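The primary structure of each chain is shown beneath.
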Amino acid sequence: MTVSLEVAEGVGTLRLDRPPMNALDVATQDRLKELAEEATRRDDVRAVVIYGGERVFAAGADIKEMQAMDHTAMVLRARGLQDSFTAVARIPKPVVAAVTGYALGGGCELALCADYRIAAENAKLGQPEILLGLIPGAGGTQRLPRLVGPSKAKDLIFTGRQVKAAEALEIGLVDRVVPAAEVYTEAHAWAARLARGPAIALRAAKESIDTGVETDLETGLAVERNWFAGLFATEDRERGMRSFVEEGPGKAKFL
């Protein structure tokens, strides 16, 4: 399988495994969607790590496969391409990308679907589609400007240039930079910590933020208000408040 889902300590690792560069061909895209939806459904998966292995995250689409497609073929495929990445972005649990080596084109777009990105010191990210006479087609023109701002996104997309980890951190494309050997360990630790948290509240927080940045303030506040009130019906809210009153802050156990 080109993508696998391994679960340990409440953390599901979506592992890309298509040597040598984890090129995201159609079969890999479809498998990614299938496993992202499985991670969404499974109660034993409370947080997710996206990982491509020690050497590379994903170096983009399978260009040879794409070269053989004409306009009609891509019209039929483009929605499926986006849907596979959207399935990752819509996992209603904390998702962290563990970025090693190259995350280019579709690889960068996949990292953009995560809530948090931890990159290796030697990582390189970018959207080089313009160099092929194309634009990003798996969400890059939409998710990248929402993350780093329109101007920085246009710089990366217009030029197709690759940015090293230090610059990616500076512009907000990644959130942490660590030695390459520590990327997966750090990403798994981030996910494991949240896997021990209140699952419904984390889902509420993610949905409120994601909805809010894509809509007007009034609508975003309504989403927040409804989730906030709704959480008062959960056992986790009762447990969290009781622990706060009896033991002090930060000691509640939600599992």
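From a predicted model like this one, the values you see are computed outputs, not experimental measurements. As a convention, each chain's residues are numbered from 1 in the sequence order in which they are written. Where local features are concerned, this predicted model is filtered to residues with pLDDT of at least 70; where side-chain atom pairs are given and counted, the filter is 80 or more; whole-chain, interface and lining totals use all residues. Derived side-chain values reflect all non-hydrogen atoms in the structure, with water molecules and hydrogen atoms excluded from consideration.

Asker: How should I be thinking about the sheet that holds strand 3 (residues 47-51) in this particular structure?
Answerer: Remark on secondary structure: sheet strands pair via backbone hydrogen bonds, oriented parallel or antiparallel. For two strands to be treated as a pair, DSSP must find no fewer than two bridges joining them. Each helix is a run of H or I in the DSSP string that is no shorter than four residues. Each strand is a run of E no shorter than two, and both are numbered from the N terminus. As summarised here, the arrangement of the six strands in space is 1-2-3-4-6-9, forming an open sheet in which the pairing is mixed. The two strands at the open ends of the sheet, each matched to only one other strand, are strand 1 (3-8) and strand 9 (176-178). Averaged over all pairs of adjacent strands, the angle between strand axes in this sheet comes to 20 degrees, irrespective of strand direction. Pairing of strand 1 with strand 2 (residues 11-16), which is carried by six bridges, proceeds in the antiparallel orientation. All axes are obtained by fitting lines to C-alpha atoms, using only the stretch in contact for helices, and the reported angles, taken between N-to-C directions, cover 0 to 180 degrees.

Asker: I'm lost on the packing of aromatic side chains in this one. Help?
Answerer: Centre-to-centre distance and the angle between the planes together describe a pair of aromatic rings. Stacked, tilted and edge-to-face pairs are distinguished by plane angle, under 30 degrees for stacked and over 60 for edge-to-face with tilted covering the rest, among Phe, Tyr and Trp rings (Trp via its six-membered ring) whose centres lie within 6.5 Å. For the structure shown, the criterion picks out three aromatic pairs. For the pair Tyr-51 and Tyr-184, a centre-to-centre distance of 4.7 Å together with 35 degrees between the ring planes defines the contact as tilted. Residue Tyr-51 is located in strand 3, and its partner Tyr-184 is located in helix 8 (residues 183-195); the two are separated by 133 residues in the primary sequence. Assessed through its relative accessible area of 10%, Tyr-51 is described here as buried. Residue exposure (1.4 Å probe, protein chains only): buried if accessible area is under 20% of the type maximum, exposed if over 50%, otherwise partly exposed. Residue Tyr-184 is classed as partly exposed on the basis of its relative accessible area of 26%. Residues Phe-228 and Phe-232 carry aromatic rings whose centres are separated by 5.6 Å and whose planes lie at 75 degrees to one another, so their mutual orientation is edge-to-face. Judged by its relative accessible area of 56%, Phe-228 falls in the exposed class.

Asker: Whenever I open this one, the pairing of strand 6 (residues 116-120) confuses me. Can you help?
Answerer: The side chains of a regular strand alternate between both faces of the sheet. Counting buried positions along strand 6 yields five of five residues, so the element is predominantly enclosed. Burial along strand 6 is two-sided: Tyr-116, Ile-118 and Ala-120 and Arg-117 and Ala-119, pointing in opposite directions, are all buried. Sheet topology places strand 4 (residues 95-99) next to strand 6; four bridges connect them, and they run parallel. Looking at the pairing, Val-96 lines up with Tyr-116 of strand 6. Pairing of strand 6 with strand 9, which is carried by three bridges, proceeds in the parallel orientation.

Asker: What is the right way to read the environment of Asp-175 from this model?
Answerer: Looking at the element boundaries, Asp-175 is found in the loop between helix 7 (165-171) and strand 9. With 57 residues separating them in the primary sequence, Asp-175 and Ile-118 have C-alpha atoms 5.9 Å apart. Contact definition: two residues touch when any of their heavy atoms are within 4.5 Å. Not counting residues within four places of it along the chain, the set of residues in contact with Asp-175 comprises Tyr-116, Arg-117 and Leu-169. For Asp-175, the side chain forms a polar contact with the main-chain nitrogen of Arg-117, separated by 2.8 Å. Polar contacts here mean pairs of N or O atoms no more than 3.5 Å apart (in protein, one a potential hydrogen donor and the other a potential acceptor; neighbouring residues in sequence count only if both atoms are side-chain atoms).

Asker: Help me out: how do you make sense of the nonpolar core in this one?
Answerer: Generally speaking, a soluble globular protein has its nonpolar side chains buried in company with each other. Only buried residues count toward a nonpolar core, which is a set of Ala, Val, Leu, Ile, Met, Phe, Trp, Tyr and Cys residues joined through side-chain atoms within 4.5 Å. Judged by nonpolar contacts, the single largest core of 60 residues is most densely connected at Phe-57, Val-99, Leu-125 and Leu-173. Setting aside its immediate chain neighbours within four residues, Val-99 contacts Phe-57, Ala-111, Ile-118, Ala-119, Ala-120, Ala-123, Leu-125 and Val-183.

Asker: Can you walk me through helix 6 (residues 150-159) in this structure?
Answerer: Within the span of helix 6, buried status applies to Ala-153, Leu-156 and Ile-157. Looking down the long axis of helix 6, one finds its buried residues gathered within 90 degrees of arc, a one-sided arrangement. Of the residues in helix 6, the exposed ones pointing more than 90 degrees away from the buried face are Ser-151 and Phe-158. Note: the arc covers the axis-to-C-beta directions of the helix.

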